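Listed here are the chains, written in short residue letters.
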Amino acid sequence: MAVVQIKKVQVIVYRTDCDALLNVLQQHGVMEFTEVDVSKITQATVEFPHAQLLPRVQHAVGFLKPYEAKKSLWRTLRDGTMAELSETEVQKYATDTDAVAQIVADQEDVQVEFAEKTDVVRVLEEQVSLLDIWKVVPMKLSDLETTTTYTKLVTQSKDGQKGSDSLAAVLTSFLEEHDIPSQVTSVSTELCAITIAKDAMSPTDLQKQIEGLHLHVIAIPDGIETADVELIATQEKLATAKDELGIVYDQAEHFARTHLQQLRIAGEVLTWERDRFATVGIGGATESSVVLEGWMSADKRSAIEAVLIEKNIAALVSELEPAADEEPPVDIVNNAFIQPFEVVTRLYGMPGHRDLDPTLFLAGFFFLFFGLSLTDVGYGIFLMAVAIIILTLFKVAPVVQTFAKLLLFMGLGSALVGLLFGGYLGIPPESLPSWLLAIQVFDPIGNPLPVFYLALGLGVFQVMVGMFLKIYSDYRNGELMNGILDQGPWLFVFFMAIAYLGVVTEYISFASTEQLINLIYVGLVMVVVASGRKGNTVLEKVQSAALSLYDSIGYFSDILSYSRLLALGLATTALAFAVNLIAEIVSGTPVVGPVLAIVVLVIGHLFTLAVNTLGAFIHSARLQFVEFFGKFIAGTGREFKPLKRSAEHVVAVDE
């Protein structure tokens, strides 16, 4: 439930044990490596033994993926996409690569054949397309060019503008204008064959002139006989080529069915090994050892050293003093109950390494604020049901499981607040049972002011909690007095303002309003005096003291921001009520009315749930990021990124 202590360490290991050491560190994901200064030692030179095989495996996976048997979304979620392997099986994939290399070689042969067959089909399809156009010309293809003449087929270009003259007339006019001996034959409304003497105009010049008229010369297909005869023969060749391509396609599907998962696993295991070798590459080396440096979780160091001893790995882990300009990366750890709310914290970014982990403190506020934004029992139960299904029936990635747990809390918060607000899928209060009405405390539609006051009150409370946390954070960093002087006067002002409201509303009566106003003035003077200690010169101190009162505007605007909780809660209730009203209206339609009403209810409430859930999440998170975190988090830190195994296709399990 805190920011993890990250220490800079140096690891010295015998060369023979280097990969075993990195394998342990990668399994546990405890160390982020940095480049070693090699001014006094040599650069560690290593060569990844599977540098050629890994990209071939990845390419094979990419080729076979489209031929993978399609599974339904339900089956994919139920069965998961990751294979569970023991460490023994993982090591077998890393060391016994001959079988994988043979599979890749066979797949590459199939891929080459597939490309060749595809190209043959493409050429034949183009030939069929040309022959289909030329079949209107009753000439053998071998006779289209003689010793003295050549014949071309012309059509209108796609970008050409059709005029009133026919295509034959346009061509005849052009040829006569240039005094070219020729014969123009109209073979269809859109095609003309022209026969021209070779010595009158070359085919290249004719092509340019024809294109200048916005016409198009159709290429001559290969063949000897007439186009219609050649078309039949080419179609037969195309059918044969497609059959052969289908056989290769079946081979690709067979490979995908029998070897794709194996290739995916091998690719990921080899990727782990590549990452380890890359890590060695940024280390230093002596004749017999390798030196690695980086950042390690302090609380896991002893456990890692115990594993190294157990595996008989000769390595020494020692702590280093960070340089003056170095800041350790940041990681956070929370118990299983709070951990789902890390999703919200990580969206904001890691706190600074000297800051508090805000997850524990935001968890309750986010839970409550989301419920106040989605004030409906039905919607909350639906979110909880979705989360439970994901967690119990589906095999999903850890990050999805974490978000599902957060969704479960979000649904629970909505359901509990919905009980107090009387939100039941937009059903009017008068239609609810009396025992449900007895639970209801707020009526956001009929009387929204109490909800507005509640939202502002929660805003004041969270802002004050942020101030207390700032004092505690400064205390942890040895700056308690600064924390008290910066936050104490404002806390005093807040307490006096709350007391003043209590006296005015007659909830409390321990002092008069005049006395409390005077105490508020005293608190503001304390704010000015405490802020005046900052600055090096008298002018800077006066400026700091004067500007300190400007913070009151910031606090006021922060508290007003919590009114969005009222707006979102009202929106949820109003939209749900509107969906029910529309369903009631369409239900009166003859014959299909009940069906239309059901469709409106299902689609309308799902849409309302989606929109309001997204809005509730975004705005509840925003209140944490802007109004709360800024009170006690100085800045964001760099996330801890240790060497660890990816988990896209493989997860290692205990044997």
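Residues numbered from 1 in each chain as written. Predicted model: local features only at pLDDT ≥ 70, side-chain atom pairs only at ≥ 80, totals over all residues. Heavy atoms only, no water.

Engineer: What is the right way to read the overall build of the protein from this model?
Structural biologist: Of regular secondary structure, the protein possesses 21 helices and 14 strands. Here the C-alpha radius of gyration of the protein, 38 Å, is well above what a compact globule of 655 residues would show, namely 26 Å. In the protein, the share of contacts with a sequence separation of at least 24, taken over all contacts with a separation of at least 6, comes to 79%. Side chains of the protein give 45 positive and 76 negative charges; the mean places of these two sets differ by 5 Å. (Helix = DSSP H or I, 4+ residues; strand = E, 2+ residues; numbered from the N terminus. Rg over C-alpha atoms; globule rule 2.2 N^0.38 Å. Contact = heavy atoms within 4.5 Å. Lys, Arg positive; Asp, Glu negative; His and termini not counted. Charge placed at Lys NZ, Arg CZ, Asp CG, Glu CD.)

Engineer: Please explain the environment of G569 as it appears in this structure.
Structural biologist: Within the secondary structure, G569 is located in helix α20 (residues 564-586). Here the alpha-carbon distance between G569 and I445, two residues 124 residues apart in the chain, equals 9.4 Å. Aside from chain neighbours lying at most four places away, what touches G569 is L372, S373 and T375.

Engineer: What's the story with the nonpolar core in this structure? I'm lost.
Structural biologist: Most often, soluble globular proteins have nonpolar side chains that are buried together. F366, F369, F494 and F628 are the most contacted members of the largest nonpolar core, which totals 60 residues. Among the elements that line this core, the one with the most residues is helix α15 (residues 449-476), at 11 residues. (Core = buried A, V, L, I, M, F, W, Y, C linked by side-chain atoms within 4.5 Å. Buried < 20%, exposed > 50% of the residue type's maximum accessible area, 1.4 Å probe, protein only.)

Engineer: Just checking my understanding: could you explain the pattern of salt bridges for this structure?
Structural biologist: Side chains that carry opposite charge are capable of pairing whenever their charged atoms lie near each other. With the rule as written, the count across this model stands at 20 salt bridges. Residue R122 is joined to D119 by a salt bridge in which the shortest nitrogen-to-oxygen separation is 2.5 Å. Within this pair, R122 and its partner D119 are both found in helix α5 (residues 98-134), separated by 3 residues, close to a single helical turn. Measuring nitrogen to oxygen at the nearest pair gives 2.9 Å for the salt bridge that ties D132 to K135. Each of D331, E342, R346 and E639 takes part in one network of salt bridges that share partners. (Salt bridge = Lys/Arg side-chain N within 4 Å of Asp/Glu carboxyl O.)

Engineer: Would you mind going over a negative patch on the surface with me for this structure?
Structural biologist: Negative charge collects at one region of the surface, where D106, D109, E113 and E116 lie side by side. Note on placement: D106 falls in helix α5. Take D106: its relative accessible area is 30%, and that puts it in the partly exposed class. (Patch = residues over 30% accessible without salt bridge, like charges linked within 9 Å, V, L, I, M, F, W, Y side chains within 5 Å. Areas by Shrake-Rupley, 256 points an atom, 1.4 Å probe, with all protein chains shown as cover.)

Engineer: In this structure, what is going on with the environment of A578? I would like to understand it.
Structural biologist: Topologically, A578 is positioned in helix α20. Sequence separation of A578 and G422 is 156 residues, and the distance between their C-alpha atoms is 16 Å.

Engineer: What am I meant to see in a nonpolar patch on the surface here?
Structural biologist: Where nonpolar side chains cluster on the molecular surface, the patch consists of F382, V595, I598, V599, V602, I603 and L606 and spans about 630 Å² of accessible area. Among the elements that line the nonpolar patch, the one with the most residues is helix α21 (residues 593-632), at 6 residues. Its location among the elements puts F382 in helix α12 (residues 377-393). What makes F382 partly exposed here is its relative accessible area of 40%.

Engineer: Even after reading the chapter, I still don't get the packing of helix α17 (residues 513-531) against helix α18 (residues 538-548), so can you show me in this structure?
Structural biologist: The description of two packed helices rests on the angle between their axes and on the distance between the axes. Between α17 and α18, the least distance of the axes is 7 Å, while the angle of their chain directions is 150°. In terms of axis orientation, α17 runs roughly antiparallel to α18. The handedness of the crossing between α17 and α18 is right-handed. Within the contact between the two elements, α17 uses V527, V528 and S531 and α18 uses S544, A545 and S548. The class makeup of the residues in the contact of α17 with α18 is 3 nonpolar, 3 polar and no charged. (Axes fitted to C-alpha atoms, helices over the stretch in contact; angles between N-to-C directions. Parallel < 35°, antiparallel > 145°, perpendicular 65-115°, else oblique. Left-handed = near helix turned anticlockwise from the far one by under 90°. Nonpolar A, V, L, I, M, F, W, Y, C, P; charged D, E, K, R; others polar.)

Engineer: Just checking my understanding: could you explain the side chain of D558 for this structure?
Structural biologist: Mapped onto the fold, D558 is located in helix α19 (residues 551-561). Given a relative accessible area of 13%, D558 falls into the buried group.

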